[in-house]
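Here's the letter readout for the chains.
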Amino acid sequence: MIDLSLMKKDGILIVAPTGPFTDDDMEELRGTLSGMVADGDEVKGLLIDAKEFPGYADLHAFLAHMGVVRDFHGKIAKLALVSDMVFAAAGEMFARTFLGVDARHFPAGETAKAIAWLKS
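Residues numbered from 1 in each chain as written. Predicted model: local features only at pLDDT ≥ 70, side-chain atom pairs only at ≥ 80, totals over all residues. Heavy atoms only, no water.

A. Region of the structure containing the layout of surface pockets. Approximately 890 Å³ is the volume attributed to the largest pocket. Lining the largest pocket are 32 residues, and of these Ile48, His65, Val69, Leu79 and Leu81 sit closest to its centre. Among the secondary structure elements, those contributing two or more residues to the lining of the largest pocket are strand S2 (12-17), helix H1 (23-38), strand S3 (43-49), helix H2 (59-72), strand S4 (76-82) and helix H3 (88-98). Sort the elements by how many residues they give to the lining of the largest pocket and H2 lands first, with five residues. Here the residues of the lining of the largest pocket are counted per class, giving 26 nonpolar, six polar and no charged. (1 Å grid on protein atoms, 1.4 Å probe; cavity = no way out; pocket = protein on both sides within 12 Å on 5 of 7 lines; lining within 4 Å. Points joined across faces, edges and corners; volume = space filled by probe spheres on them. Helix = DSSP H or I, 4+ residues; strand = E, 2+ residues; numbered from the N terminus. Nonpolar A, V, L, I, M, F, W, Y, C, P; charged D, E, K, R; others polar.)

B. Spatial organisation of the nonpolar core. The biggest cluster of nonpolar side chains holds 19 residues, and the ones touching the most others in it are Leu13, Leu29, Leu33 and Leu79. Mapped by element, the contributors of at least two residues to this core are S2, H1, S3, H2 and S4. Tallying contributions element by element places H1 first for this core, with four residues. Ile12, Leu47, Phe106 and Ala114 belong to the second largest nonpolar core, which has 10 residues in total. (Core = buried A, V, L, I, M, F, W, Y, C linked by side-chain atoms within 4.5 Å. Buried < 20%, exposed > 50% of the residue type's maximum accessible area, 1.4 Å probe, protein only.)

This is how it looks when you write it as structure tokens:
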């Protein structure tokens, strides 16, 4: 499950996982991102605020997530990961190297700093 918060004026979408990702979560994420792109708005930043990675409800949810990544690759200017998870720094490197997105990792609790960076 995820909570989405759109900062429309700034072109920033905040994603906060609250439980294992489901197909419905990925459809909601896809719909929100599609709406931003269709409105001609720049997706200036995607902020993932995750104390921990909750995993996937099933294989379909994982595949749906990969579909969202594929479909919006190149349409998001910056990615901020706010987390103390061990692999968060690796997520930053993966996003930079394989997705070509400007990515940065912030420790948990530094959401305001991450938003400021996304706005810059």
